[in-house]
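Structure at a glance
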Amino acid sequence: MQFEKPALTFEAQADLLLGRGLYADREELVKRLQATNYFRFCAYAWVFQDGDRYQAGTTLEQVWRLYTFDHRLRTLFIDAIESIEVQVRTQLAYQFAHKHGGFAYLEESNFPNFNVEEDDFKKWRAKIKGQVKQSVNPKGAEMFVVNYFRDHGDAHELLPVWMMVELM
(Lines give C-alpha, C1' and ligand atoms only; values in the text may rest on other atoms or scores of the structure.)
Protein backbone atom coordinates (compact mmCIF):
# COMPACT_ATOMS: atom_id res chain seq x y z
CA MET A 1 0.00 0.00 0.00
CA GLN A 2 1.40 3.38 -1.03
CA PHE A 3 2.00 5.94 1.74
CA GLU A 4 0.24 9.11 0.71
CA LYS A 5 0.08 11.35 3.75
CA PRO A 6 1.50 14.80 3.04
CA ALA A 7 4.19 16.39 5.19
CA LEU A 8 2.58 18.67 7.77
CA THR A 9 3.88 22.05 8.82
CA PHE A 10 4.72 22.51 12.49
CA GLU A 11 1.59 24.61 12.77
CA ALA A 12 -0.55 21.83 11.28
CA GLN A 13 1.08 19.31 13.63
CA ALA A 14 0.23 21.57 16.57
CA ASP A 15 -3.35 21.90 15.34
CA LEU A 16 -3.62 18.12 15.11
CA LEU A 17 -2.44 17.71 18.71
CA LEU A 18 -4.69 20.50 19.95
CA GLY A 19 -7.60 18.92 18.07
CA ARG A 20 -6.97 15.70 19.96
CA GLY A 21 -7.42 17.49 23.26
CA LEU A 22 -3.90 18.53 24.23
CA TYR A 23 -4.10 21.74 26.23
CA ALA A 24 -1.32 24.13 25.14
CA ASP A 25 -0.49 27.55 23.89
CA ARG A 26 -0.30 26.99 20.14
CA GLU A 27 2.81 29.12 19.61
CA GLU A 28 4.65 27.37 22.44
CA LEU A 29 3.61 23.98 21.09
CA VAL A 30 4.93 24.91 17.64
CA LYS A 31 8.28 25.90 19.21
CA ARG A 32 8.50 22.59 21.06
CA LEU A 33 7.67 20.64 17.91
CA GLN A 34 10.34 22.54 16.00
CA ALA A 35 12.88 21.54 18.65
CA THR A 36 11.74 17.97 19.17
CA ASN A 37 10.04 16.37 16.16
CA TYR A 38 6.37 15.43 16.10
CA PHE A 39 6.89 11.70 16.50
CA ARG A 40 9.36 12.06 19.36
CA PHE A 41 6.93 14.41 21.11
CA CYS A 42 4.04 12.02 20.51
CA ALA A 43 6.01 9.13 22.00
CA TYR A 44 6.00 10.99 25.33
CA ALA A 45 2.40 12.17 24.92
CA TRP A 46 1.23 8.61 24.26
CA VAL A 47 0.91 7.79 27.97
CA PHE A 48 -1.74 10.51 28.19
CA GLN A 49 -3.82 9.20 25.30
CA ASP A 50 -7.24 7.66 25.63
CA GLY A 51 -8.03 6.25 22.19
CA ASP A 52 -7.60 8.97 19.56
CA ARG A 53 -7.73 11.77 22.12
CA TYR A 54 -5.71 12.92 25.09
CA GLN A 55 -7.11 12.44 28.57
CA ALA A 56 -9.00 15.47 29.81
CA GLY A 57 -6.65 18.08 31.23
CA THR A 58 -3.50 16.78 29.51
CA THR A 59 -1.13 19.71 29.10
CA LEU A 60 1.93 20.48 27.07
CA GLU A 61 3.85 20.97 30.32
CA GLN A 62 2.99 17.44 31.53
CA VAL A 63 4.29 15.95 28.31
CA TRP A 64 7.34 18.22 28.30
CA ARG A 65 8.23 17.32 31.91
CA LEU A 66 8.19 13.66 30.93
CA TYR A 67 10.37 14.40 27.90
CA THR A 68 12.91 16.46 29.89
CA PHE A 69 13.02 13.85 32.68
CA ASP A 70 13.83 11.15 30.13
CA HIS A 71 16.42 13.39 28.46
CA ARG A 72 18.16 14.07 31.77
CA LEU A 73 18.06 10.41 32.75
CA ARG A 74 19.60 9.38 29.41
CA THR A 75 22.30 12.02 29.84
CA LEU A 76 23.17 10.66 33.30
CA PHE A 77 23.36 7.11 31.95
CA ILE A 78 25.50 8.10 28.98
CA ASP A 79 27.88 9.99 31.27
CA ALA A 80 28.18 6.99 33.60
CA ILE A 81 28.62 4.53 30.73
CA GLU A 82 31.32 6.70 29.15
CA SER A 83 33.26 6.82 32.44
CA ILE A 84 33.05 3.05 32.81
CA GLU A 85 34.09 2.55 29.18
CA VAL A 86 37.20 4.72 29.60
CA GLN A 87 38.18 2.91 32.79
CA VAL A 88 37.73 -0.52 31.19
CA ARG A 89 39.75 0.46 28.11
CA THR A 90 42.47 1.92 30.33
CA GLN A 91 42.76 -1.22 32.43
CA LEU A 92 42.55 -3.50 29.40
CA ALA A 93 45.40 -1.71 27.67
CA TYR A 94 47.45 -1.44 30.85
CA GLN A 95 47.11 -5.09 31.85
CA PHE A 96 47.57 -6.39 28.31
CA ALA A 97 50.66 -4.26 27.66
CA HIS A 98 52.30 -5.23 30.93
CA LYS A 99 51.61 -8.91 30.41
CA HIS A 100 52.25 -9.24 26.66
CA GLY A 101 53.87 -6.03 25.40
CA GLY A 102 52.75 -2.91 23.62
CA PHE A 103 52.31 -4.53 20.22
CA ALA A 104 51.19 -8.01 21.26
CA TYR A 105 47.66 -7.25 20.13
CA LEU A 106 49.02 -7.73 16.61
CA GLU A 107 49.79 -11.40 17.30
CA GLU A 108 46.98 -13.79 16.51
CA SER A 109 48.16 -16.23 19.20
CA ASN A 110 47.02 -13.75 21.86
CA PHE A 111 43.43 -14.09 20.65
CA PRO A 112 42.63 -17.81 20.77
CA ASN A 113 38.87 -17.23 20.56
CA PHE A 114 38.98 -15.69 17.10
CA ASN A 115 37.58 -18.02 14.47
CA VAL A 116 40.51 -19.08 12.27
CA GLU A 117 38.29 -20.47 9.48
CA GLU A 118 36.47 -17.15 9.21
CA ASP A 119 39.72 -15.14 9.26
CA ASP A 120 38.36 -13.14 12.20
CA PHE A 121 41.80 -11.95 13.26
CA LYS A 122 42.70 -10.77 9.77
CA LYS A 123 39.38 -8.92 9.47
CA TRP A 124 39.89 -7.33 12.89
CA ARG A 125 43.43 -6.28 12.02
CA ALA A 126 42.21 -4.77 8.74
CA LYS A 127 39.64 -2.73 10.71
CA ILE A 128 42.37 -1.52 13.04
CA LYS A 129 44.52 -0.47 10.09
CA GLY A 130 41.52 1.38 8.65
CA GLN A 131 40.96 3.22 11.92
CA VAL A 132 44.61 4.24 12.07
CA LYS A 133 44.57 5.36 8.45
CA GLN A 134 41.47 7.46 9.12
CA SER A 135 43.19 9.01 12.14
CA VAL A 136 46.11 10.35 10.12
CA ASN A 137 43.84 11.64 7.35
CA PRO A 138 43.55 15.45 7.62
CA LYS A 139 39.74 15.25 7.85
CA GLY A 140 39.76 12.87 10.83
CA ALA A 141 43.21 13.52 12.24
CA GLU A 142 43.97 12.60 15.81
CA MET A 143 47.07 14.57 16.77
CA PHE A 144 48.49 11.85 19.03
CA VAL A 145 48.38 9.47 16.05
CA VAL A 146 49.89 11.99 13.65
CA ASN A 147 52.67 12.76 16.14
CA TYR A 148 53.35 9.08 16.80
CA PHE A 149 53.81 8.29 13.12
CA ARG A 150 55.87 11.40 12.58
CA ASP A 151 58.29 10.15 15.25
CA HIS A 152 58.00 6.35 14.92
CA GLY A 153 56.37 5.64 11.55
CA ASP A 154 59.60 4.38 10.07
CA ALA A 155 59.66 1.53 12.60
CA HIS A 156 55.98 0.79 13.25
CA GLU A 157 52.94 0.28 11.08
CA LEU A 158 50.49 0.51 13.97
CA LEU A 159 50.20 2.04 17.44
CA PRO A 160 51.01 0.49 20.82
CA VAL A 161 47.96 -0.90 22.55
CA TRP A 162 47.63 1.96 25.05
CA MET A 163 47.22 4.37 22.13
CA MET A 164 45.22 1.98 19.96
CA VAL A 165 42.43 1.59 22.53
CA GLU A 166 41.58 5.25 21.99
CA LEU A 167 40.74 4.48 18.37
CA MET A 168 39.02 1.13 18.87
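Scope of this entry: the structure provided in the associated data block. (Residues numbered from 1 in each chain as written. Predicted model: local features only at pLDDT ≥ 70, side-chain atom pairs only at ≥ 80, totals over all residues. Heavy atoms only, no water.)

1. Brief notes about helix α1 (residues 10–19)
- Of the positions making up α1, those classed as buried are Gln-13, Ala-14 and Leu-17. Viewed end-on, α1 has its buried residues packed into an arc of 100°, placing them on one side of the element.
- Its buried side turned inward, α1 meets α2 (26–36), α3 (38–45) and β2 (53–54). (Buried < 20%, exposed > 50% of the residue type's maximum accessible area, 1.4 Å probe, protein only. Helix = DSSP H or I, 4+ residues; strand = E, 2+ residues; numbered from the N terminus. Arc of directions from axis to C-beta. Contact = heavy atoms within 4.5 Å.)

2. What to know about a nonpolar patch on the surface
- Taken together, the side chains of Phe-69, Leu-73, Leu-76, Phe-77 and Ile-81 make up a nonpolar region of the molecular surface, amounting to roughly 540 Å² of accessible area.
- Inspection of the secondary structure assignment puts Leu-76 in helix α4 (residues 60–100).
- Given the relative accessible area of 61%, Leu-76 is considered exposed. (Patch = residues over 30% accessible without salt bridge, like charges linked within 9 Å, V, L, I, M, F, W, Y side chains within 5 Å. Areas by Shrake-Rupley, 256 points an atom, 1.4 Å probe, with all protein chains shown as cover. Salt bridge = Lys/Arg side-chain N within 4 Å of Asp/Glu carboxyl O.)

3. Observations regarding the environment of Asp-119
- Here Asp-119 lies in the loop between α4 and α5 (120–136).
- Take Asp-119: its relative accessible area is 36%, and that puts it in the partly exposed class.

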